[in-house]
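Here's the letter readout for the chains.
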Amino acid sequence: MSEKPAKDLLRQVINELANLYEEREVSALARHYLHDRFHVDSMKLAMNSPIHFDEKLMLHDLRLLRAATPLQYVVGFREFYGRRFKCGPEALIPRPETEELVDWIIQGIGELGNWEISVLDIGTGTGCIPITLGLEAPKIQTQGIDISEGALSLASKNAEQLKANTTFHQLDILKEEIEGSFDIIVSNPPYIPESDKAQMHSNVLEYEPELALFVPNDDPLLFYRIIAQKAKTALSKNGQLYFEIHEAYGDATKALLDSEGYSDITIKQDLQGKNRMVRAFYSKQA
């Protein structure tokens with residue numbers, strides 16, 4: 001083990017990554033890395049505390065980071081709603097916007113006053129949505145589906161590690177029907193048009209699964225349309241459908257849901273002021 005003052009260690013990491021991103025991004029990445037790998041928090045930096053660290057491990061990590069490997073893949077996890085979720089190239093890294101979506105769902109359930117409900121997450125990835133919902137409110141029965149065996153394996157490991165009762169199974173939502181009945185169906189499906197690739201950073205393009213990211217340019221609402229249609233038979237009476245959405249397609253998603261017979265459609269902005277979430281209700285005919 002080696003030892004250095006916290007500020008010297010931070011400076012070393014910043015210098016190693018200096019050419020990777022803009023200065024502010026490099027500083028944030030370095031701080032996150034030291035926090036996640038060696039538990040260097042803001043207090044230790046402020047006090048310039050001596051930090052014990054594995055230099056060989058750090059040099060290995062920095063080689064990966066310089067190659068644009070996402071930090072979450074380097075350290076093996078991502079904090080989500082106060083819990084550590086295993087991450088790997090099998091699934092998208094959970095984003096802050098998805099935490100906001102989960103929080104909105106929890107608020108919505110609380111407003112209804114009934115926690116004994118069932119929730120299905122379509123395209124579950126790491127399982128962060130259904131696992132978090134089940135742990136925050138143990139009366140909720142949660143389930144996740146995904147087309148990817150790798151993602152389902154990762155999600156199952158997260159459920160086991162976090163002691164969640166969430167179940168997972170494989171399903172291709174574009175080709176197969178939803179089995180069972182659910183009070184809430186939620187999805188953060190692929191929504192980035194292929195044409196947006198040129199604007200994206202290599203740490204996303206080269207490492208995160210394209211299957212979970214992109215949709216055809218001529219059909220950006222492909223998954224929203226299919227899920228909205230299939231959810232109508234799988235939702236219980238007065239069931240709710242939640243989506244995470246592309247900021248540019250809020251109005252289009254709302255119009256689609258309206259055309260499919262959903263009501264009380266609400267677009268919600270994230271903390272950055274962007275349209276990133278939609279909720280809709282579906283009332284089955286008697």
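Quick note: structure is the one above.
In this report, the structure presented in the accompanying data block is examined. Residue numbering note: each chain is counted from 1, following its sequence as written. Owing to the predicted nature of the model, reporting of local features is limited to residues with pLDDT of at least 70; listing and counting of side-chain atom pairs is limited to 80 or more, with chain, interface and lining totals taken over all residues. Side-chain measures were taken over the full set of non-hydrogen atoms in the model, leaving aside hydrogen atoms and water.

Let us now look at the overall build of the protein. Helices and strands together make up the secondary structure of the protein, namely 11 helices and 13 strands. Summarising its shape, the C-alpha atoms of the protein cover approximately 70 × 40 × 35 Å along the three principal directions. Remark: exposure states derive from per-residue accessible area (1.4 Å probe, protein chains only) relative to the maximum for the residue type, with buried under 20%, exposed over 50%, and partly exposed in between. Put simply, the protein has 286 residues, and 51% of those count as buried. Here a residue-residue contact requires only that any non-hydrogen atoms of the pair lie within 4.5 Å. Long-range contacts, defined as pairs at least 24 residues apart, comprise 64% of the intrachain contacts of the protein with a sequence gap of at least 6. About 14,200 Å² of surface is accessible on the protein, with carbon and sulfur atoms providing 47% of the total. In this tally, Asp and Glu contribute negative charge and Lys and Arg positive charge; neither His nor the terminal groups of the chain are included. Where a charge sits is defined by one atom per residue type, namely NZ (Lys), CZ (Arg), CG (Asp) or CD (Glu). Taking the 30 positively charged and 43 negatively charged side chains of the protein as two groups, their mean positions are separated by 4 Å. Each helix is a run of H or I in the DSSP string that is no shorter than four residues. Each strand is a run of E no shorter than two, and both are numbered from the N terminus. For the accessible areas, the method is Shrake-Rupley and the probe is 1.4 Å, while residue cover comes only from the protein chains on display.

Further remarks concern helix 11 (residues 250-259). For helix 11, the set of buried residues is G250, T253, L256 and L257. Angularly, the buried residues of helix 11 cover 125° about the axis, an arc narrow enough to put them on a single face. Structural note: helix 11 exposes D251, D258 and S259 on the side pointing more than 90 degrees away from its buried face. Residues of helix 11 that are buried sit in contact with helix 10 (222-234), strand 11 (235-244), strand 12 (263-269) and strand 13 (275-282). After helix 11 finishes, the residue G261 shows a positive phi value of roughly 95°. Our arc is simply the arc of the directions from the helix axis toward the C-beta atoms.

On to the pattern of salt bridges. By definition here, a salt bridge exists when the distance from a side-chain nitrogen of Lys or Arg to a carboxyl oxygen of Asp or Glu is within 4 Å. Taken as a whole, this structure holds 11 salt bridges when the rule is applied. In this structure, K232 and E260 form a salt bridge, with 2.8 Å as the shortest nitrogen-oxygen distance. Of the two residues, K232 sits in helix 10 while E260 sits in the loop between helix 11 and strand 12, which places them 28 residues apart along the sequence. A salt bridge links K274 to E247; its shortest N-O distance comes to 3.7 Å. Of this pair, K274 sits in the loop between strand 12 and strand 13 while E247 sits in the loop between strand 11 and helix 11, placing them 27 residues apart in sequence. Accessibility expressed as a relative area gives 35% for K274, which makes it partly exposed.

Before going further, it helps to spend a moment on the packing of helix 1 (residues 6-16) against helix 4 (residues 55-66). Packing of helix 1 against helix 4 leaves a shortest axis separation of 10 Å and a crossing angle of 35°. Between helix 1 and helix 4 lies a crossing of right-handed hand. Contacts between helix 1 and helix 4 involve L9, Q12, V13 and E16 from the former and M58, L62 and R66 from the latter. A class-by-class count of the residues in the contact of helix 1 with helix 4 yields four nonpolar, one polar and two charged. Only C-alpha atoms enter the line fits that serve as axes; for helices the fit covers just the stretch in contact. Angles between N-to-C directions range over 0 to 180 degrees. Handedness of each helix crossing follows the sense of rotation of the near helix against the far helix: counterclockwise by less than a right angle gives left-handed, clockwise gives right-handed. Ten residue types, Ala, Val, Leu, Ile, Met, Phe, Trp, Tyr, Cys and Pro, are classed as nonpolar, four, Asp, Glu, Lys and Arg, as charged, and the remainder, Gly among them, as polar.

Here we take up the sheet that holds strand 5 (residues 118-122). Taking strand neighbours across the sheet as the criterion, the seven strands line up as 7-6-5-8-11-13-12 in an open arrangement whose pairing is mixed. Among the strands making up the open sheet, the edge pair consists of strand 7 (167-170) and strand 12. On average, each strand axis in the sheet is inclined to that of its neighbour by 20°, with strand direction left out of account. Helix 8 (residues 149-162) rests against strand 6 (141-146) and strand 7 of the sheet, and its axis sits at about 175° to strand 7. Two strands make a pair as long as DSSP finds a minimum of two bridges between them.

So, about the environment of L241. On the secondary structure map, L241 appears in strand 11. Using a relative accessible area of 0% as the deciding quantity, one classes L241 as buried. Along the chain, L241 and S181 lie 60 residues apart, while their C-alpha atoms are 13 Å from each other.

You can see T124 is positioned in the loop between strand 5 and helix 7 (128-136). You can call T124 buried: its relative accessible area is 4%. Two N or O atoms form a polar contact when they lie within 3.5 Å of each other; inside protein one atom must be a possible hydrogen donor and the other a possible acceptor, and for residues adjacent in sequence the pair counts only when both atoms belong to side chains. Within the structure, the side chain of T124 is placed 2.8 Å from the side chain of D121, a separation counted as a polar contact. If near-sequence neighbours (up to four positions away) are discounted, T124 is found in contact with P130, G144, I145, D146, L152, A155 and F168.

Looking now at the nonpolar core. Take the buried residues of types Ala, Val, Leu, Ile, Met, Phe, Trp, Tyr and Cys, join any two whose side-chain atoms come within 4.5 Å, and each joined set is a nonpolar core. One finds I122, I178, I185, L241, L257 and Y262 to be the most contacted residues of the largest nonpolar core, which totals 30 residues. For this core, the elements supplying multiple residues, two or more each, are strand 5, strand 8 (182-187), helix 10, strand 11, helix 11 and strand 13. For this core, the element with the highest residue contribution is helix 10, accounting for eight residues. Once you skip the residues sitting within four places of it in the chain, L241 turns out to touch I185, I227, A228, A231, L257, Y262, V278, R279 and A280. Judged by nonpolar contacts, the second largest core, of 26 residues, contains F80, I129, L133 and A155.

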